[in-house]
Amino acid sequence: MRRLVAGTGWKMNNGIADSIRYAEELRSRIAAMDTSAIDVYVLPPFTSLTTAAYAFDGSPVAIGGQNMHWEDSGSWTGEISAPMLLEAGCRYVELAHSERLQHFGETYELVRRKLDKAMSVGLIPILCLGELAEEKAAGRADEVLASQMLTAIDGQPDTRVPEIIMAYEPRWAIGMAEAASPGYIAERHRALRNILRKHCGDEVAEKTRIIYGGSVTPENGKDILEIEDVDGLFVGRAAWKAEGFARIVELVSEAARRKQLA
Ligand code: PEP
């Protein structure tokens, strides 16, 4: 059975003081919850990583970077490497977020190099995959998702693919008033699992987590978690307050219990 995931990326929010406040509040809000069956992550900005790592130490919350470079060190002004993330206390790294592709010109070819480095040092990649509105309108969503995923995982042995968390984040649904519809999410998650099945085999497809992100809230999260191929939630704005993320963690924990009983 796949462990469900509850995650949030803070983007360019929460400096050191706010990170401490958030961590203290989140810890107290989730202290009484049974989170033993799920994985929880928070992705602070780089300057808050070490602080957040200490502030969440001993809690169910692990931290991760929002991006990284593919080299270990060198003349790459403004960049952060995988060993630096590890040293700062990270367990995860987010790759290919829509805003990285849109504003910073990242491509899945660069993402492939980053993913390879992350895997080689033991960071868990959260690999974002998602189609643009135009690609959706042209009926090309699954073709785009296949190309993104296969480019990013090219060169990885099949047996290691389940270590990657695939995050389906339709680019037209990020930062919006509404998430994609449950029917649409179900179709894309099924398609993503079928891509894994075709290229990496049944066992890899069954083991790999595919989480959904894009305008998730505590209100719509429960229905999204009911979808068979959805293995967790990746939340932006609705989790920028500790209270909101605590509600998401609770929803995911409850969904994990339901799946265990089913
Ligand atoms: C995101 O940016 O990855 C995201 C899911 O944001 P939001 O939940 O705010 O749409």
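Refer to the structure above for everything that follows.
Chemist: Help me get a handle on the overall build of the chain, residues and values and all.
Modeler: Looking only at helices and strands, one finds 11 helices and 8 strands in the chain. Expected size for 262 residues packed as a compact globule is a radius of gyration near 18 Å; at 17 Å, the chain falls within 12% of this value. Taken over the C-alpha atoms alone, the chain extends approximately 50 × 45 × 35 Å along its principal axes. Counting every position in the chain, which comprises 262 residues, the buried fraction comes to 54%. The long-range share in the chain, meaning contacts at least 24 apart out of those at least 6 apart in sequence, stands at 73%. For the chain, the accessible surface area stands at approximately 11700 Å², while carbon and sulfur atoms represent 50% of it.

Chemist: So what's going on with the nonpolar core? Residues and values would help.
Modeler: Within the largest apolar cluster, 88 residues are counted, with the highest numbers of intra-cluster contacts made by Leu26, Leu127, Met166, Tyr212 and Phe245. The leading source of residues in this core is helix α11 (residues 242-261), at 9 residues. Those residues in contact with Tyr212 that sit more than four places away from it in its chain are Tyr168, Pro170, Ala173, Ala179, Ala180, Ile185, His189, Ile224, Val230, Gly232, Leu233 and Phe234.

Chemist: Tell me about the site of the ligand, residues and numbers included.
Modeler: Looking at the ligand, the residues that line it are Lys11, His97, Glu169, Ile174, Gly175, Gly214, Ser215, Phe234, Val235, Gly236 and Arg237. Taking Arg237, its side chain carries an N or O atom lying 2.6 Å from an oxygen atom of the ligand. Computed on the free molecule, the ligand has an accessible area of 290 Å², of which 98% lies beneath the protein chains in the complex. In terms of residue class, the shell around the ligand is made up of 3 nonpolar, 5 polar and 3 charged.

Chemist: Describe the sheet that holds strand β6 (residues 165-168), naming the residues involved and giving the relevant values.
Modeler: Ordered in space as β1-β2-β3-β4-β5-β6-β7-β8, the 8 strands form a closed barrel in which the pairing is parallel. Each strand of the sheet is rotated relative to its neighbour by a mean of 25°, with strand direction disregarded. Note that strand β1 (residues 4-9) and strand β2 (residues 38-43) share 6 bridges and pair parallel. Residue pairing across strands places Thr8 opposite Val42, the latter belonging to β2. Sitting on the sheet, α11 is in contact with β1, β2 and β8 (232-235), with an inclination near 165° to β1.

Chemist: Residue-level account of the packing of helix α5 (residues 108-121) against helix α7 (residues 141-153), with values.
Modeler: The contact between α5 and α7 brings their axes to 7 Å, and the two run at 40°. One way to sum up the angle between α5 and α7 is to call them oblique. Along this stretch, α5 crosses α7, giving a crossing that reads as right-handed. The residues of α7 that touch α5, namely those facing Tyr108, Glu109, Val111, Arg112 and Leu115, are Gln148, Thr151, Ala152 and Ile153. Of the residues in the contact of α5 with α7, the class split is 5 nonpolar, 2 polar and 2 charged.

Chemist: Could you give me a rundown of the packing of aromatic side chains, with the residues and numbers involved?
Modeler: Summed over the entire model, instances satisfying the criterion amount to 6 aromatic pairs. The interplanar angle of 40° and the centroid separation of 5.2 Å between the aromatic rings of Tyr41 and Tyr92 together place this pair among those described as tilted. Pair noted here: Tyr41 is in strand β2 and Tyr92 is in strand β4 (residues 90-95), with a separation of 51 residues, a long-range link. A relative accessible area of 0% means that Tyr41 is categorised as buried. Taken together, a centroid distance of 5.6 Å and an interplanar angle of 65° make the contact between Trp70 and Trp76 edge-to-face. With relative accessibility at 39%, the residue Trp76 sits in the partly exposed group. Three or more aromatic residues link up through ring pairs in this structure, and these residues are Tyr41, Tyr92 and Phe234. Across the ring face of Trp172, the terminal group of Lys136 is positioned such that the distance to the ring centre comes to 4.6 Å.

Chemist: Hey, could you go over the packing of helix α1 (residues 16-30) against α11 for me, with residue numbers and the actual values?
Modeler: Contact pair α1 / α11: the axes reach a minimum separation of 9 Å and the direction vectors enclose 35°. Seen along the crossing, α1 lies across α11 with a hand that is right-handed. Across the interface between the two elements, Tyr22, Glu25, Leu26, Arg29 and Ile30 from α1 touch Ala242, Glu243, Phe245, Ala246 and Val249 from α11. Partitioned by chemical class, the residues of the contact of α1 with α11 number 7 nonpolar, no polar and 3 charged.

Chemist: Please provide a residue-by-residue account of the side chain of Arg188, values included.
Modeler: Along the chain, Arg188 falls in helix α8 (residues 182-200). The contact partners of Arg188, leaving out residues within four places of it in the chain, are Ala141, Asp142, Leu145 and Tyr168.

Chemist: Account for the environment of Ile227, naming residues and giving values.
Modeler: By secondary structure assignment, the location of Ile227 is in the loop between α10 (221-225) and β8. When residues no more than four places from it in sequence are discounted, the contact partners of Ile227 are Pro182, Ile185, Ala186 and Lys259.

Cut-off values and rules
Residues numbered from 1 in each chain as written. Predicted model: local features only at pLDDT ≥ 70, side-chain atom pairs only at ≥ 80, totals over all residues. Heavy atoms only, no water. Helix = DSSP H or I, 4+ residues; strand = E, 2+ residues; numbered from the N terminus. Rg over C-alpha atoms; globule rule 2.2 N^0.38 Å. Buried < 20%, exposed > 50% of the residue type's maximum accessible area, 1.4 Å probe, protein only. Contact = heavy atoms within 4.5 Å. Areas by Shrake-Rupley, 256 points an atom, 1.4 Å probe, with all protein chains shown as cover. Core = buried A, V, L, I, M, F, W, Y, C linked by side-chain atoms within 4.5 Å. Near = heavy atom within 4 Å. Polar contact = N/O pair within 3.5 Å; in protein donor to acceptor, adjacent residues only side chain to side chain. Nonpolar A, V, L, I, M, F, W, Y, C, P; charged D, E, K, R; others polar. Pairing = 2+ DSSP bridges. Axes fitted to C-alpha atoms, helices over the stretch in contact; angles between N-to-C directions. Parallel < 35°, antiparallel > 145°, perpendicular 65-115°, else oblique. Left-handed = near helix turned anticlockwise from the far one by under 90°. Phe/Tyr/Trp six-rings, centres within 6.5 Å; stacked < 30°, edge-to-face > 60°. Lys NZ or Arg CZ within 6 Å of the ring centre and 35° of its normal.

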